Amino acid sequence: QVQLVESGGGLVQAGGSLRLACAASGPISSTTAVGWFRQAPGKEREFVAAMSWFGHTSEYVDGVKGRFTISRDKSTVSLQMNSLKPEDTAVYYCAAESSGMERVVAGKSSYWGQGTKVTVAS
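The structure displayed is predicted, hence computed values, not measured ones.

Q: Help me understand the side chain of serine 109, please; the structure alone is not making it clear to me.
A: Its place among the elements puts serine 109 in the loop between α1 (101-105) and β10 (111-112). The contact partners of serine 109, leaving out residues within four places of it in the chain, are Ala95, Ala96, Glu97, Arg103 and Val104.

What follows is the structure, given as structure tokens:
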């Protein structure tokens, strides 16, 4: 059982930066992938970014390309968010899946964190 604990959310002014962290524990396989999703008030949860745990593959939703970067250092997966916009306001969730990135990107991860709230003020 993979456990995920997010941290790093908060209030930031538009144009600012935040770095979210997701501490992962539990079994990691060669096909494990991790990702970040977000859910804004009144909206459905949407994919933000994903990466393979051991490889160099990453994927981003179009709206965050060039602003957000997903990375991993040991067992912590981070989401560096720069040039934040009010529309980035949401609860951000970390997700992990043993069967690869496709399921992560599709929102079908087996494991989810509890979420961390990001508010971007205009």
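Q: What is the right way to read the environment of threonine 119 from this model?
A: Relative to the elements of secondary structure, threonine 119 occurs in strand β11 (residues 116-121). Measuring from C-alpha to C-alpha, the distance between threonine 119 and alanine 90 comes to 6.6 Å, with 29 residues separating the pair along the chain. Once you skip the residues sitting within four places of it in the chain, threonine 119 turns out to touch Gly10, Leu11, Val12 and Thr89.

Q: Even after reading the chapter, I still don't get the pairing of strand β9 (residues 90-97), so can you show me in this structure?
A: A regular strand carries its side chains on alternate faces of the sheet. With 7 of 8 residues buried, β9 lies mostly within the body of the structure. As defined by bridge partners, β9 adjoins β11 across 3 bridges and the pair is classed as antiparallel. Residue pairing in the sheet places alanine 90 in a bridge with valine 118 of β11. Direction of pairing for β9 relative to β10: antiparallel, over a ladder of 2 bridges. Residue pairing across strands places alanine 95 opposite tryptophan 112, the latter belonging to β10.

Q: Looking at this model, I keep getting lost on the nonpolar core. Mind explaining?
A: Nonpolar side chains in soluble globular proteins tend to be buried together. Membership of the largest hydrophobic core comes to 29 residues, with the highest contact counts inside it found for Trp36, Leu79, Met81 and Tyr92. Going through the elements one at a time, β3 (18-25), β4 (33-39), β5 (46-52), β7 (68-73), β8 (76-81), β9 and β11 are the ones with two or more residues in this core. The next biggest cluster of nonpolar side chains, apart from the first, holds 7 residues, and it includes Phe37, Phe47, Ala95 and Val104.

Q: Hey, could you run me through the packing of aromatic side chains in this one?
A: Each aromatic ring pair is characterised by the separation of its centres together with the angle its planes make. Taken as a whole and assessed by the stated rule, the structure comprises 2 aromatic pairs. Geometrically, the ring pair formed by phenylalanine 37 and phenylalanine 47 is edge-to-face, given 5.6 Å between the ring centres and 70 degrees between the ring planes. Here phenylalanine 37, found in strand β4, pairs with phenylalanine 47, found in strand β5; they are 10 residues apart in sequence, far enough to count as distant. The class for phenylalanine 37 is buried, based on a relative accessible area of 3%. With a relative accessible area of 12%, phenylalanine 47 lands in the buried category. Considering the side-chain rings of phenylalanine 37 and tryptophan 112, the 5.1 Å spacing of their centres and the 65 degrees angle between planes classify their relative orientation as edge-to-face.

Q: Would you take a moment to explain the sheet that holds strand β1 (residues 3-7) for this structure?
A: The strand order across the open sheet formed by 4 strands is β1-β3-β8-β7, and the pairing between neighbours is antiparallel. In the strand order of this sheet, the two ends are held by β1 and β7, each with one partner. Sheet twist, expressed as the mean angle between neighbouring strand axes with direction ignored, is 20 degrees. Across 6 bridges, β3 lies against β8 in antiparallel orientation. Its bridge partner lying in β8, leucine 18 is registered against methionine 81.

Reading the values: rules and limits
Residues numbered from 1 in each chain as written. Predicted model: local features only at pLDDT ≥ 70, side-chain atom pairs only at ≥ 80, totals over all residues. Heavy atoms only, no water. Helix = DSSP H or I, 4+ residues; strand = E, 2+ residues; numbered from the N terminus. Contact = heavy atoms within 4.5 Å. Buried < 20%, exposed > 50% of the residue type's maximum accessible area, 1.4 Å probe, protein only. Pairing = 2+ DSSP bridges. Core = buried A, V, L, I, M, F, W, Y, C linked by side-chain atoms within 4.5 Å. Phe/Tyr/Trp six-rings, centres within 6.5 Å; stacked < 30°, edge-to-face > 60°. Axes fitted to C-alpha atoms, helices over the stretch in contact; angles between N-to-C directions.

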